[in-house]
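# Coordinate analysis (summary)
Below are the chains, spelled out letter by letter.
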Amino acid sequence: MKLMRAREVPGRVATGAYILHSGVEKWNGDEEQAAGLHGMAAAAFPFLKSVPPRRFLKLLSAAEIATGVALLAPVVPAAVAGAALTGFSGGLLALYLRTPALRKPGSIWPSQAGIGVSKDVWMLGVGLGLLTDAASRRRGD
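### What to know about the packing of aromatic side chains
- Scanning the entire structure with this criterion turns up two aromatic pairs.
- Here the basic side chain of Lys58 rests over the ring of Trp27, its NZ or CZ set 3.8 Å away from the ring centre.

The following block contains the structure:
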């Protein structure tokens, strides 16, 4: 069994702890939090309108907890952890790009309201780094 490499530890621990904490905080979220997060997500991804807000919040929380645990668990391969993080952060960035109020008009740069979500680009970078590292190890680079 291969454990994570030393160079993976900072990125995996920073992102994993952050995402795990966020998921745990959402697990018992109230109706207001559920409605707010669901409304934003459903505006960006209309297929989510059919999911009740409380269920959406639980699903989001579970996805965050699973992603955080995958990143923190040293026995989870870099490719798996990287794929989970890349998928999760890719979804957040898609939400950012599909929500005009989060960006300055005619720009990809964040408005004041979008700064919190736009910062998730760092998680995409960590996820892609894990995937790239895992792929290069397979090739023997």
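### Digging into the pattern of salt bridges
- Under the defined criterion, the tally for this structure stands at six salt bridges.
- In this structure, the salt-bridge partner of Lys26 is Glu64, at a minimum N-O distance of 3.1 Å. Here the residue Lys26 occupies a position in helix α1 (residues 9-27), and Glu64 occupies one in helix α3 (residues 53-72), the gap between them amounting to 38 residues. Across the pair, Glu64 and Lys26 agree in class, each one buried.
- Ionic pairing is found between Arg137 and Asp133, a salt bridge with its closest N-O pair at 3.3 Å. In this pair, Arg137 and Asp133 are both assigned in helix α6 (residues 121-139), four residues apart and thus about one turn of the helix distant.
- A relative accessible area of 12% places Asp133 in the buried class.
- Taken together, the salt bridges that share partners define one network made up of Arg7, Glu8, Arg12, Asp133 and Arg137.

### Let's talk about the confidence of the model for the protein chain
- Taken residue by residue, the protein chain gives an average pLDDT of 93. The fraction at 70 or more is 97%.
- Mean pLDDT in the protein chain bottoms out at helix α5 (residues 115-118), which sits at 88, and peaks at α3, which reaches 97.

Conventions adopted
- Residues numbered from 1 in each chain as written.
- Predicted model: local features only at pLDDT ≥ 70, side-chain atom pairs only at ≥ 80, totals over all residues.
- Heavy atoms only, no water.
- Phe/Tyr/Trp six-rings, centres within 6.5 Å; stacked < 30°, edge-to-face > 60°.
- Lys NZ or Arg CZ within 6 Å of the ring centre and 35° of its normal.
- Salt bridge = Lys/Arg side-chain N within 4 Å of Asp/Glu carboxyl O.
- Helix = DSSP H or I, 4+ residues; strand = E, 2+ residues; numbered from the N terminus.
- Buried < 20%, exposed > 50% of the residue type's maximum accessible area, 1.4 Å probe, protein only.
- pLDDT = per-residue confidence, 0-100.

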